[in-house]
Amino acid sequence: MKLYCLSGHPTLPCNVLKFKSTTIMLDCGLDTTSVLNFLPLPLVHSPRLSKLPGWISKDGSINLEKELKECAGRVFVDSQPEFCLPERELLDLSTIDVILISNYHCMMALPYITEHTGFTGTVYATEPTLQIGRLLMEELVNFMERVPKAQSATCWKNKEIQRMLPGPLKDAVEVWTWKRCYSMQEVNSALSKVQLVGYSQKVELFGAVQVSPLSSGYSLGSSNWIIQSHHEKVSYVSGSSLLTTHPQPMDQSSLKNSDVLILTGLTQMPTANPDGMLGEFCSNLAMTIRAGGNVLVPCYSSGVIYDLLECLYQFIESANLGTTPFYFISPVANSSLEFSQIFAEWLCHNKQTKVYLPEPPFPHAELIQTNKLKHYPSIHGDFSSEFRQPCVVFTGHPSLRFGDVVHFMELWGKSSLNTFPSTSHLSAPLYKMWESELSERASVLQPLHVVCPEQYTQPPLTQSHRSDLMLELQPPPMPYRRCSVLNLPFRRRYERVYILPELANSLVPSEVKPGVSVATVSAVLQSKDNKHTLQSVPKAPPVAPSKKRKRVMEEPPVTMAPKPLLSGAVPLEAFLATLQKHGITEVKVEETADGHILHLQAEDTLIQLEEDGTHIVCDNNEPLRATLRDLVLRFLQKL
């Protein structure tokens, strides 16, 4: 069993598991941290960004004024943002049989995999994961296509030039493999390969293994996966939460007693208190509005925004913010808010019960009805005529490099009255388990082996002294990094074999000890689609008489009768008494670690009596050897 690690981002994983002749990709997350090296894409002309000076090396030998711009002591690429893709050279991705998706954030690289590697397999995901993932991809494509960049920066990627650049561009990984965003045509083609599954539904892969999704408690439709054969079990845990939020709670019991637990998606802020952060978010928002400022909340169009709106719904009246407008701006804002209300069966119990009252499961439906929350596809059109300040705006992208958020950063960035809370820091502890919490859960789950990103085996970068925040398990977890290939310390020991009824009826079991019977079988083993079946040995067809003599006679294969198997043990005292009756009296007995050695001195013969066998060492006296053999067989049972 091998694990290929194609992503270096611990919360946006992409791994490939080879298990029982199947090749399974576990998630295909898109590492968006690469876009932080690019200038923002403003929706309208930005004098500030257009006047940034170009970059020239100190000795003047490298002039990249058209590609690189200096801002606030850093150098940025002036081009369409590009993404760091999962590693594509570690193995042939066209050999992947299936892709298992755990949540909609971990499928954003799917079009790169399915459309450009020769992939011909199937993708499995839950319905909310598919539909909300489609919205996030559509939003990403929209953000990129509505602000196209004429020039494409490529010279800075030259290895010799990159070494001369200031950090962090100098330290960027595999920049020559970075790609621009995919198109909607590629998105639609990739998602057409998705097959929907429900929680606990068992899907058989080529008769070799079964895969089954379990609720992870992270987001709508998010899943952990069980990959198992008849005798082996692998659990894949990604982006899970034990907190009570809007998704179904995490299914922990099904993860117990795994042979291998592959662990990803832990929070990067293990000491953060979600309740405290939500309270701080609401209080800072109220202070900003009362001071006449605006609040810009950079966020994804699905997920944590549902919980933020629910929190604000309870806070608005008590804070006297009933007249403050709340705006949600995204190309898919309307679809996202509607999807959250219709996926009732994927919600926690409290929200499911509201659907049958009937009431909307999320309170943002009431906020929309009372005009306290308004949603728009972009800043153009109706929004520009209805916009009033002070206000609260939810929009993307959280990277602050593209989307409507860039416009508001330019508009409000100079005033200290405005605030910009980061939801990336909020969503991590709100949704995901952390290291020490998982260490406690591991004692309950009891996996034999744990595999995880190397970041989890070290203290967080921001708290290097906190060794208690490392993942500490026994045995120690196996860490991996991008481009690692792990040979998992686990070998298959058993295989299930089926026996046909007519063959089973012909067996004659013999009881070897109370409650245990054994039967010998002569059969043909047929292996097809990874299923093994014992069938009766076919009888040779009768040879039809022929008047003409054939030069070569084709005789049917001779089926040899199997030798009988022997069961039982040779008791020492009873065997010595039997030898005496047959005139063998001079016997020296020696005790060994495995049994006894009998030395027949007069006959110069040794008999080794062991638990799993009996050996007779007799030179040039075949009659004696045959006699001793028959005496031994008296104590054994033929099967």
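Residues numbered from 1 in each chain as written. Predicted model: local features only at pLDDT ≥ 70, side-chain atom pairs only at ≥ 80, totals over all residues. Heavy atoms only, no water.

## With respect to the overall build of the chain
Heads up, the condition is: By the criteria applied, helices consist of DSSP H or I runs no shorter than four residues and strands consist of E runs no shorter than two, each listed in order from the N terminus. To get the radius of gyration, use the C-alpha atoms; to get the globule rule, take the number of residues to the power 0.38 and multiply by 2.2 Å. Exposed residues in this analysis have more than 50% of their type's maximum accessible area, buried residues have under 20%, and partly exposed residues fall in between, with area computed by a 1.4 Å probe over protein chains only. Residue contacts follow a heavy-atom distance rule, with two residues in contact if any of their heavy atoms lie within 4.5 Å. Throughout, the Shrake-Rupley method with a 1.4 Å probe supplies accessible areas, and for residues the shown protein chains are the sole cover considered.
The number of helices and strands found in the chain is 17 helices and 32 strands. For 639 residues, the compact-globule estimate of 2.2 N^0.38 gives 26 Å, and the C-alpha radius of gyration of the chain, at 35 Å, exceeds that figure by more than 25%. Projecting the C-alpha coordinates of the chain onto the three principal axes gives extents of approximately 115 × 65 × 65 Å. The 639 residues of the chain split such that 48% are buried. In the chain, the share of contacts with a sequence separation of at least 24, taken over all contacts with a separation of at least 6, comes to 70%. Just so you have it, the chain exposes about 32,200 Å², and 51% of that area is on carbon and sulfur atoms.

## Some details on the sheet that holds strand β17 (residues 373-376)
Our working rule: Paired strands, in this sense, are two strands between which DSSP finds at least two bridges. Helix axes use the C-alpha atoms of the stretch in contact, all axes being lines fitted to C-alpha atoms, and the angles between their N-to-C directions lie in the range 0 to 180 degrees.
Read across the sheet, four strands follow the order β15-β18-β16-β17 without closing on themselves; strand pairing throughout is parallel. Looking at strand neighbours, the two that pair on one side only are β15 (295-298) and β17, the edges of this open sheet. The mean angle between the axes of side-by-side strands here comes to 20°, regardless of whether they run parallel or antiparallel. Direction of pairing for strand β16 (residues 326-329) relative to β17: parallel, over a ladder of four bridges.

## Some thoughts on the domain arrangement of the chain
Cut-off, in case you're wondering: How far each domain reaches was decided by an automatic or database domain assignment.
Considered domain by domain, the chain is made up of domain 1 (2-31 + 84-150 + 193-266 + 432-487), domain 2 (274-428) and domain 3 (566-638). The C-alpha-based centres of domain 2 and domain 3 are spaced at 88 Å.

## Let's talk about helix α6 (residues 274-290)
Count 3.6 residues to each turn of an α-helix, and residues three or four apart come out pointing the same way. As a reminder of what qualifies: Take the residue count of a helix, subtract one, and multiply by 1.5 Å to get its expected span.
Under the 1.5 Å per step criterion, the end-to-end length of α6 is 25 Å for 17 residues, consistent within 8% with the ideal 24 Å. Of the positions making up α6, those classed as buried are P274, M277, L278, F281, C282, L285, A286, T288 and I289. Positive backbone phi, approximately 90°, marks G292, located one or two places after α6.

## Considerations on the sheet that holds strand β25 (residues 523-528)
Read from one edge to the other, the open sheet built from three strands follows the order β22-β26-β25, with strand pairing classed as mixed. Single-partner strands in this sheet number two, and they are β22 (497-499) and β25. Sheet twist, expressed as the average angle between the axes of neighbouring strands with direction ignored, equals 30°.

## A closer look at the pattern of salt bridges
Formally: The salt bridge criterion pairs a side-chain nitrogen of Lys or Arg with a carboxyl oxygen of Asp or Glu, the two atoms within 4 Å.
A complete count under the given rule lists 14 salt bridges for this structure. Among the salt bridges present, the one from E87 reaches R482, with a minimum N-O distance of 3.7 Å. In this pair, E87 is assigned in the loop between β6 (74-77) and β7 (98-100) and R482 in the loop between β20 (478-480) and β21 (485-487), connecting sequence segments 395 residues apart. Across the pair, exposure class does not vary: E87 and R482 are buried alike. Across the salt bridge formed by D404 and R146, the nearest N and O atoms sit 2.7 Å from each other.

## Focus: the state of the cysteines
What counts here: To count as a disulfide, a pair of cysteine sulfur atoms needs to be within 2.5 Å.
A full pass over the atoms with the stated rule returns zero disulfides. With no disulfide of its own, C28 has C14 as its nearest cysteine by sulfur position, at a separation of 5.9 Å. Take C28: its relative accessible area is 0%, and that puts it in the buried class.

## A short note on the environment of S378
Operational definition: By the criterion applied in these results, polar contacts are pairs of N or O atoms within 3.5 Å in which, for protein atoms, one can donate a hydrogen and the other can accept it, and in which residues neighboring in sequence qualify only through two side-chain atoms.
Here S378 shows up in the loop between β17 and α11 (382-386). Classification of S378 by relative accessible area gives buried; the value is 13%. Through-space distance from the C-alpha of S378 to that of A333 is 9.3 Å; in sequence the pair is 45 residues apart. Not counting residues within four places of it along the chain, the set of residues in contact with S378 comprises R146, I329, F383 and D404. Within the local environment of S378, its side chain forms a polar contact with the backbone nitrogen of H380, the two atoms lying 3.2 Å apart.

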